[in-house]
Amino acid sequence: MDKKKLLEGLENGGSKVETRAVFDIYFERMGVYIAGRYNKLTRNISQTPWSFGDEEEEQEQQEQEQQERGKEIGNSVQEMIGIVLKDYFQFTSCNFSAAGREDIDVRMLGRGRPFMMELTNAKKINFDSKLFVEMQAKINQNKNVIITDLQMSSKNDMSILKKGAEYHKKVYSCIVWTEKELNENQIEKINSMKEFVIDQGTPLRVLHRRAVGIRKKMIHDLNCRRLRKHSNFYIVTLTTQAGT
């Protein structure tokens, strides 16, 4: 509408409003970030809950299931940590991120994998170091997931965690059988392959959370050696870009 006509309309009283204006106002706290390291001591839980449909529907279903089973621990690293943190922070939802991801049937040992959780709309946020020790002890009671170094963090640390994971290298070893025995020249040719790119299809293990597609992945090193003399079995070791 022209500004002049608008002013004329206001001066003349304008048109009568027949419907009331209704406003909904919501207040939410900015994300709260928690960091630490986790060890996964079992081979039958995933890092995060599996999702096969709409994210909102999946979240509602998970919350309903959690209410039905009360304080029962979930089947993922995220749930085992989150169910304890929720008692303290009283958040509505959370987002779990880590420096990489192990398969569901792989343990996570050693110093532990760095992780962070973004807590949405937390009602309580001020906790001293003693309470973090208490939270950590309660989480570690489940015996499947053990965490260390639980502490407050920041959104900036989340960006560093995600960016750093992209540059990690992973080492994989497997036993390979060939129909015909490889000669020394063939093995030498395999071992000469360095720093090459492959087209990787979406792995089956992540189809539940990632779109099907082809992604470029770097193979930094490839090594092949006989398992034993005059055998068709070989140990192949690959050093690859994370996520390969």
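Residues numbered from 1 in each chain as written. Predicted model: local features only at pLDDT ≥ 70, side-chain atom pairs only at ≥ 80, totals over all residues. Heavy atoms only, no water.

Moving on, we come to helix α3 (residues 77–89). With 13 residues, α3 extends 18 Å between its outermost C-alpha atoms, agreeing within 8% with the 18 Å of an ideal straight helix rising 1.5 Å per residue. When the local axis directions of α3 are compared, the greatest deviation, roughly 30°, occurs at Ile 83. Val 77, Gln 78, Glu 79, Met 80, Ile 81, Gly 82, Ile 83, Val 84, Leu 85, Tyr 88 and Phe 89 are the residues of α3 that are buried. Positive backbone phi, approximately 55°, marks Gln 90, located one or two places after α3. (Helix = DSSP H or I, 4+ residues; strand = E, 2+ residues; numbered from the N terminus. Expected span 1.5 Å × (residues − 1). Bend = angle between axes of the 7 residues up to and from the residue. Buried < 20%, exposed > 50% of the residue type's maximum accessible area, 1.4 Å probe, protein only.)

A word on the nonpolar core. Of all hydrophobic cores here, the largest spans 27 residues; its most connected members are Tyr 38, Ile 81, Leu 85, Phe 89, Phe 115 and Leu 150. Among the elements of the structure, β1 (32–40), α3, β2 (93–98), β3 (108–120), α4 (129–139) and β4 (145–152) are those that each provide at least two residues to this core. Looking at this core element by element, the count peaks at eight residues for α3. Not counting the four nearest positions on each side in its chain, Ile 81 is found in contact with Phe 96, Phe 115, Met 117, Ile 139 and Ile 147. (Core = buried A, V, L, I, M, F, W, Y, C linked by side-chain atoms within 4.5 Å. Contact = heavy atoms within 4.5 Å.)

Summary statistics for the chain give a mean pLDDT of 83 and a share of 80% for residues scoring 70 or more. Across residues 66–73, where pLDDT falls below 50, the model places nine contacts with residues more than four positions away in sequence or in other chains. (pLDDT = per-residue confidence, 0-100.)

Tracing the sequence through the fold places Met 152 in strand β4. On the accessibility criterion, Met 152 (35% relative accessible area) is partly exposed. Taking C-alpha positions, Met 152 is 9.7 Å from Asp 128, a pair spaced 24 residues apart along the chain. Beyond its immediate chain neighbours, meaning those up to four positions away, Met 152 contacts Val 32, Tyr 33, Ile 34, Phe 89, Ile 125 and Phe 132.

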